[in-house]
Amino acid sequence: MKQLLIYNANLVDKDHDIHDGAVLIAGTRIKTFPASEAIQHVLKDKNVQAVDAQGCTLMPSFIDMHAHFRDPGQTQKEDISSGMNAAVAGGFGTCVLMPNTAPVVSSAEMAKKNNCRAEQAGLCQILQSVSITKNFDGKTLSHLESLSAKTVPLITEDGHEVADSAMMLQAMKLAAKKKLIVSCHCEDPMLAAAARPLRTEALNLLQKNNGVPSAEQKQAALALLRQADDLLALAEDVATERNVRLAEEAGCHIHLCHVSTARCIDLVRRAQKRGVSVTCEITPHHLSLATNHAYNRIHLVNPPLRSEADRMALIAALQDGTASAIATDHAPHTSADKAAGAPGFSGLETAFAACYTTLCLQNGMSLSRLSELFSANPAKLLGLKNRGLLANGFEADLVLVDTKKSWIVHGSNFASKGTYTPFEGKKLHGKILATFYKGRLVFEAP
């Protein structure tokens, strides 16, 4: 059997930060970690292919609990193939896909189809989630009976909210019985609806004079966006409190998508202290960008970018363990859709660098802790027993990063079909050099 040796690497995961280390891979799994004195002997083996990491950092590849590949039905924005290429370019070995496609993924059979397509391509693992209510109709739950947590660990109405609390409670009870994670896009539908006309009016102002509005028009647009953002913050806070309370009653595991406000973090923290099985994810863009820089409001996303106080509360939540995962909410759109106000960013290819820059370099987080948030914790939440760590017998899903290298973000260079990013033109630190999936090189930086 051919083996792969990656040596002269800093080995970093949740539990380790080892300089000048090596990993020996046999087949699809990590075989051992040769000591420095054994490297030369291993290199002489004709059955060993060697990769000199040149002092860069080798980590478990990342696991994204929240991504949109738009397949089926919206493949002009992204598809399974382009999404996987974006994932491996960003260092991801596993992505959980949201079901808000066309048609909505509302069955185990539809989920299996996407999972199998990814398996055949062999770039990364896909876990397709399924909608809470069938076709997002807000009332039908019969499709949940056929789900198995082994193949569909997570159900969600992402992009929507189950407005009927009685129906949501019933869904959560079913999920608890089947040990499914209920992932919630917490947003009160009526408050969200009240925000939409404000965003539309703001967008119309920003498109005045062929997209070059006057200073007064810009300020008026920003004021409208501020009003919309305030409504959407209230929408998130209200729905979060409801969903946490329902999950407490149902006894299910609730996972909150893209938490963005300090109030929601406080709700999660207090719920965890009283024993509610609640976890949450935070996105790189909410960690890194705040509306104290007013024009960040123009980068439309749901939930919106928040204040600096909210941003710092999110960082604190990751540092103290209240938040257990970083997830991209990779949401690619065509240029025309973004111009028309579609909310969302392409985030897979900037995620590590944005978080390394913000959390490690600017806020003192260890790289081991960052690995835990990107890899070990999502693996544990999803029940992926052989992923997320550098350990004997684990899948050789690995990413090689140069933490000393900085780069300028240009969406035009993305592997994703979606090129819109709020980090456009920004300097980030930490470059993905190579990604390995099941022991095979699936991405190498040009």
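The shown structure was predicted, so the numbers you read here are calculated from the model rather than taken from an experiment.

Undergrad: I'd love a proper account of the packing of helix 7 (residues 215-250) against helix 8 (residues 262-273), names of residues and values included.
TA: Relative orientation of the contacting elements helix 7 and helix 8 amounts to 15 degrees, with a least axis distance of 9 Å. One element, helix 7, and the other, helix 8, form an angle in the roughly parallel class. With respect to the hand of their crossing, helix 7 and helix 8 are arranged in right-handed fashion. On helix 8, the residues touching Glu-236, Asp-237, Thr-240, Glu-241 and Val-244 of helix 7 are Arg-263, Cys-264, Leu-267 and Ala-271.

Undergrad: If you had to explain empty space enclosed by the protein to someone new, which residues and values would you point to?
TA: The full count for this structure, using the stated rule, is four cavities of 30 Å³ or more. Around the largest cavity, the lining comprises 14 residues; the ones closest to its centre are His-185, Cys-186, Glu-236, His-258 and Pro-303. Of all the elements, helix 7 adds the most residues to the lining of the largest cavity, at three residues. Residue composition of the lining of the largest cavity, grouped by class: seven nonpolar, four polar and three charged. Size it by volume and the second largest cavity reaches roughly 60 Å³. What lines the second largest cavity is simply Pro-284, His-285, Thr-328, Asp-329, Phe-345, Ser-346, Gly-347, Thr-350, Pro-422 and Phe-423. A breakdown of the residues in the lining of the second largest cavity according to their chemical character gives four nonpolar, five polar and one charged.

Undergrad: Please provide a residue-by-residue account of the packing of aromatic side chains, values included.
TA: Summed over the entire model, instances satisfying the criterion amount to seven aromatic pairs. Ring centres of Phe-62 and Phe-374 lie 4.7 Å apart, and the angle between their planes is 40 degrees; this geometry places the pair in the tilted category. Here Phe-62, found in strand 6 (residues 62-67), pairs with Phe-374, found in helix 13 (residues 367-382); they are 312 residues apart in sequence, far enough to count as distant. What makes Phe-62 buried here is its relative accessible area of 0%. Relative accessible area serves as the criterion here: at 1%, Phe-374 is assigned to the buried category. A network of ring pairs unites the aromatic residues Phe-62, Phe-92, Phe-352, Tyr-356 and Phe-374 as a single cluster. One cation-aromatic arrangement involves Lys-338 over Tyr-420; the distance from NZ or CZ to the ring centre is 4.4 Å.

Undergrad: Tell me what's going on with the sheet that holds strand 8 (residues 125-128), and back it up with residues and numbers.
TA: The parallel open sheet is built from three strands, whose spatial order is 6-7-8. Each of the sheet's edge strands pairs with one partner strand only, and the pair in question is strand 6 and strand 8. Strand after strand, the sheet turns through a mean of 15 degrees between neighbouring axes, direction not considered. Here four bridges tie strand 6 to strand 7 (residues 92-97), and the two strands are oriented parallel to one another. Bridge pairing links Ala-67 to Leu-97 in strand 7. Packed on one face of the sheet, helix 13 meets strand 6, strand 7 and strand 8 and runs near 60 degrees to strand 6.

Undergrad: If you had to explain the side chain of His-299 to someone new, which residues and values would you point to?
TA: Within the secondary structure, His-299 sits in the loop between helix 9 (284-288) and helix 10 (308-320). Within the local environment of His-299, its side chain forms a polar contact with the side chain of Tyr-420, the two groups lying 2.7 Å apart. Contact partners of His-299, with chain neighbours within four places excluded, come to Leu-305, Phe-345, Tyr-420 and Pro-422.

Undergrad: Give me the nonpolar core: which residues, what numbers.
TA: Formed by 81 residues in total, the largest nonpolar core has its most connected members in Met-172, Leu-256, Phe-352 and Leu-370. Contact partners of Leu-370, with chain neighbours within four places excluded, come to Ile-326, Phe-352, Cys-355, Tyr-356, Leu-359, Cys-360 and Met-365.

Undergrad: Tell me about the side chain of Lys-77, residues and numbers included.
TA: Counting through the fold element by element, Lys-77 comes out in the loop between strand 6 and helix 2 (80-89). A relative accessible area of 10% places Lys-77 in the buried class. In terms of polar contacts, Lys-77 uses its side chain to reach the side chain of Asp-337, at 2.6 Å. If near-sequence neighbours (up to four positions away) are discounted, Lys-77 is found in contact with Arg-70, Pro-332, His-333, Thr-334, Asp-337, Lys-417 and Gly-418.

Undergrad: Any details on the sheet that holds strand 12 (residues 278-282)? Residues and values, ideally.
TA: Strand pairing within a sheet occurs via backbone hydrogen bonds; the two strands may be parallel or antiparallel. The strand order across the open sheet built from five strands is 9-10-11-12-13, with neighbouring strands paired in parallel fashion. Each edge of the open sheet is held by one strand with a lone partner, namely strand 9 (154-156) and strand 13 (325-326). Lying on the sheet, helix 4 (residues 165-178) is in contact with strand 9, strand 10 (181-184) and strand 11 (254-256); it crosses strand 10 at an angle near 145 degrees.

Undergrad: Before we move on, can you summarise the layout of surface pockets with the specific residues and values?
TA: Of the voids in this model, the largest pocket is the one considered here, and its volume is about 710 Å³. Lining the largest pocket we find 31 residues, and of these Gly-159, Arg-196, Arg-199, Asn-302 and Pro-343 sit closest to its centre. With eight residues, the single largest contributor to the lining of the largest pocket is helix 5 (residues 189-206). Partitioned by chemical class, the residues of the lining of the largest pocket number eleven nonpolar, twelve polar and eight charged.

Undergrad: Outline the environment of Asp-64, listing residues and values.
TA: On the secondary structure map, Asp-64 appears in strand 6. For the pair Asp-64 and Thr-357, spaced 293 residues apart in the sequence, the C-alpha separation amounts to 19 Å.

Undergrad: Explain the state of the cysteines to me, using residue names and the numbers behind them.
TA: Following the criterion strictly, the structure yields zero disulfides and no others. Cys-184 forms no disulfide, and the closest cysteine sulfur to it belongs to Cys-186, at a distance of 5.0 Å. The class of Cys-184 is buried, set by a relative accessible area of 1%. For Cys-257, which is in no disulfide, the shortest distance to another cysteine sulfur is to Cys-184 and amounts to 7.1 Å.

What counts, and at which threshold
Residues numbered from 1 in each chain as written. Predicted model: local features only at pLDDT ≥ 70, side-chain atom pairs only at ≥ 80, totals over all residues. Heavy atoms only, no water. Axes fitted to C-alpha atoms, helices over the stretch in contact; angles between N-to-C directions. Helix = DSSP H or I, 4+ residues; strand = E, 2+ residues; numbered from the N terminus. Parallel < 35°, antiparallel > 145°, perpendicular 65-115°, else oblique. Left-handed = near helix turned anticlockwise from the far one by under 90°. Contact = heavy atoms within 4.5 Å. 1 Å grid on protein atoms, 1.4 Å probe; cavity = no way out; pocket = protein on both sides within 12 Å on 5 of 7 lines; lining within 4 Å. Points joined across faces, edges and corners; volume = space filled by probe spheres on them. Nonpolar A, V, L, I, M, F, W, Y, C, P; charged D, E, K, R; others polar. Phe/Tyr/Trp six-rings, centres within 6.5 Å; stacked < 30°, edge-to-face > 60°. Buried < 20%, exposed > 50% of the residue type's maximum accessible area, 1.4 Å probe, protein only. Lys NZ or Arg CZ within 6 Å of the ring centre and 35° of its normal. Pairing = 2+ DSSP bridges. Polar contact = N/O pair within 3.5 Å; in protein donor to acceptor, adjacent residues only side chain to side chain. Core = buried A, V, L, I, M, F, W, Y, C linked by side-chain atoms within 4.5 Å. Disulfide = S-S within 2.5 Å.

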